[in-house]
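Residues per chain are reported as follows:
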Amino acid sequence: MCPEAHNRLRFKGSPISLAQECSPGGHQILQNPRRNVAFDVSGAQPPTELICDRSLRPGWYRFQLSGSPAEMPTACVKAGRCGTQVPLWLSLRGGEAPPLPGETTPLTACASWDFLGAAQDCCLFRVPVTVRNCGPFLIYFLQPTQGCMGYCAEGEGPQACGQGRETAADGPPAVPSLPSPPGALKVELKWIATKIFLQCTFEGSPTNGSLGFVITWSRLSSEGFREELKKEITVEESSLLELDGINLRLGDRIFCGVSAFFRENPDIQSAVIQSKEFFAGIKLQPEVSTVSEDGQEHQLRLESTVPILCPEPGQGCKISLTLKTIDQGHWGFNPGIICQGLEAVFSEDPFR
């Protein structure tokens, strides 16, 4: 907290009442450098994970870039910037302006959308955003988005009070100690009643019981981006994600990322540790096989990385597969072969 008093903040020589949401712990910090308006997802090499704020919890947030205060841009941002396909920027229409120090103002965030072959729409969707001026920085009351959109950040503002360290607003920036990142991430299956889950487990610091964790689930999209599925803040060293067939489907490539933070100061977070890829689907063993029309019987091994739940207890179940063939050097489908009973039979044991 700032010196002199617990509920006062000195800014440009004038005392400003510090609301609860302005104090450390009263808001969370969004500090992903990809939120910068200059970050273009189309030019990122290698392809990067898309920022999707649909799993963002409603609450007060503050932006930072490279450790310095940042703010939402107030001019149209091109689609594909800010680490997302649909960036959100703060609209100031009709003479609206950001709040003065100590004040709060309801404003609107606009979503930029790029129509193929047509002009960009800078405000195709609107999202309500409340802005509070805490003196040396702004905070925003943000809502989760309806789709894969991301809130943008730009610029550097005055240096705020240190995170977990007493210092003046215009003094040197604090350099807080960071918690150790979690280790040994692992994604495994967990079967609860009739539902199938993926469970992310990891090892926290055995010597520090005052840590919390930010756990993010994501999957690899067909374009090669990582799309966020779920974000959870917890003190537990595990998280569950349901394989519901809607948000998470067979064939998805799933990742789990975890960072640690101090419970007494959640603004201070460790680096994010990522798990290895978990493929949720059916694999062919061996992955590449040559099957010839020689009149012989050929056997291929299919292995499902997730349980196959049969519709009726006590009975087996089967799935039909499509066989892709090569005919005289050309890829194609042979209906005669497709219909010749290529199928996989599974026993009652869902893990077999």
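Since we're looking at a predicted model, the values are computed, not measured.

Enquirer: Even after reading the chapter, I still don't get the overall build of the protein, so can you show me in this structure?
Expert: From N to C terminus, the protein includes one helix and 25 strands. Here the protein holds 352 residues, and 42% of them are scored as buried. Within the protein, contacts between residues separated by at least 24 positions form 61% of all contacts whose residues are at least 6 apart in sequence. When the accessible area of the protein is evaluated, it comes to approximately 19,600 Å², of which 51% is carbon and sulfur surface.

Enquirer: Explain the environment of Val129 here, please?
Expert: Along the chain, Val129 falls in strand β8 (residues 120–133). Sequence separation between Val129 and Ser91 is 38 residues; the distance between their C-alpha atoms is 9.8 Å.

Enquirer: Mind showing me how you'd approach the pairing of strand β7 (residues 104–114) here?
Expert: Looking along a regular strand, one sees the side chains alternate between the two faces of the sheet. Relative to β7, strand β6 (residues 86–91) is paired through four bridges, and the arrangement is antiparallel. Directly across from Leu88, in β7, lies its bridge partner Ala111. Sheet topology note: the β7/β8 ladder contains ten bridges and is antiparallel. Pairing of Thr108 across the sheet is with Pro128, part of β8.

Enquirer: Please explain unusual backbone geometry as it appears in this structure.
Expert: Keep in mind that most residues, glycine aside, have a negative phi and that most peptide bonds are trans. Here the phi dihedral of Ser66 falls at roughly 55°; this positive angle occurs in a residue that is not glycine. Counting through the fold element by element, Ser66 comes out in the loop between β4 (59–65) and β5 (68–70). With relative accessibility at 77%, the residue Ser66 sits in the exposed group.

Enquirer: Can you walk me through the state of the cysteines in this structure?
Expert: Applying the stated criterion across every chain, the model contains six disulfides. With its sulfur 1.8 Å from that of its partner, Cys52 forms a disulfide with Cys148. Its S-S torsion of approximately -50° makes the covalent link between Cys52 and Cys148 left-handed. Residue Cys52 is located in the loop between β3 (28–30) and β4, and its partner Cys148 is located in the loop between β9 (138–142) and β10 (149–151); the two are separated by 96 residues in the primary sequence. For the pair formed by Cys52 and Cys148, the shared burial category is buried. In this model, Cys110 is linked to Cys123 through a disulfide, with the two sulfur atoms separated by 1.9 Å. As the torsion about the S-S bond is roughly -65°, the Cys110-Cys123 disulfide counts as left-handed.

Enquirer: Would you mind showing me how to read the confidence of the model for the protein here?
Expert: Detailed reading of predicted coordinates is not advised where the pLDDT is low. Considering every residue of the protein, the mean pLDDT works out to 75; 70% of them sit at 70 or more. Across the protein, the element-wise mean pLDDT spans from 36 in strand β1 (residues 8–11) up to 95 in β9.

Enquirer: Is there a simple way to think about the sheet that holds strand β11 (residues 183–192) in this case?
Expert: Hydrogen bonds between backbone groups are what pair the strands of a sheet, and the pairing can be parallel or antiparallel. Reading across from one edge, β11-β12-β15 is the order of the three strands in this open sheet, with antiparallel pairing throughout. Only two strands of the sheet have a single partner each, and these edge strands are β11 and β15 (238–242). Adjacent strand axes in the sheet meet at a mean angle of 20°, parallel and antiparallel pairs treated alike. As judged from the eight bridges shared by β11 and strand β12 (residues 195–203), these two strands associate in the antiparallel manner. Bridge pairing in β12 places Lys186 opposite Thr201.

Enquirer: Whenever I open this one, the packing of aromatic side chains confuses me. Can you help?
Expert: The geometry of an aromatic ring pair is captured by two quantities: the separation of the ring centres and the angle between the planes. Using the criterion set out here, one finds three aromatic pairs in the structure. Both rings, one in Trp60 and one in Phe141, keep their centres 5.5 Å apart while their planes meet at 80°; by these two values the pair is edge-to-face. Residue Trp60 is located in strand β4, and its partner Phe141 is located in strand β9; the two are separated by 81 residues in the primary sequence. With a relative accessible area of 26%, Phe141 lands in the partly exposed category. One Lys or Arg, Arg62, reaches over the ring of Phe137 and ends 4.0 Å from the middle of that ring.

Enquirer: Sorry if this is basic, but what is going on with the environment of Asn265 here?
Expert: If you trace the backbone, Asn265 turns up in strand β17 (residues 265–269). Note on Asn265: relative accessible area 8%, which makes it buried. Separated by 239 residues in the primary sequence, Asn265 and Gly26 have C-alpha atoms spaced 9.8 Å apart.

Enquirer: Mind showing me how you'd approach the environment of Gly59 here?
Expert: Mapped onto the fold, Gly59 is located in strand β4. Distance in space between the C-alpha atoms of Gly59 and Gln143 is 7.1 Å, their sequence separation being 84 residues. Non-local contacts of Gly59, meaning those with residues more than four positions away in its chain, are made with Tyr140, Phe141 and Leu142.

The rules behind each value
- Residues numbered from 1 in each chain as written.
- Predicted model: local features only at pLDDT ≥ 70, side-chain atom pairs only at ≥ 80, totals over all residues.
- Heavy atoms only, no water.
- Helix = DSSP H or I, 4+ residues; strand = E, 2+ residues; numbered from the N terminus.
- Buried < 20%, exposed > 50% of the residue type's maximum accessible area, 1.4 Å probe, protein only.
- Contact = heavy atoms within 4.5 Å.
- Areas by Shrake-Rupley, 256 points an atom, 1.4 Å probe, with all protein chains shown as cover.
- Pairing = 2+ DSSP bridges.
- Disulfide = S-S within 2.5 Å.
- pLDDT = per-residue confidence, 0-100.
- Axes fitted to C-alpha atoms, helices over the stretch in contact; angles between N-to-C directions.
- Phe/Tyr/Trp six-rings, centres within 6.5 Å; stacked < 30°, edge-to-face > 60°.
- Lys NZ or Arg CZ within 6 Å of the ring centre and 35° of its normal.

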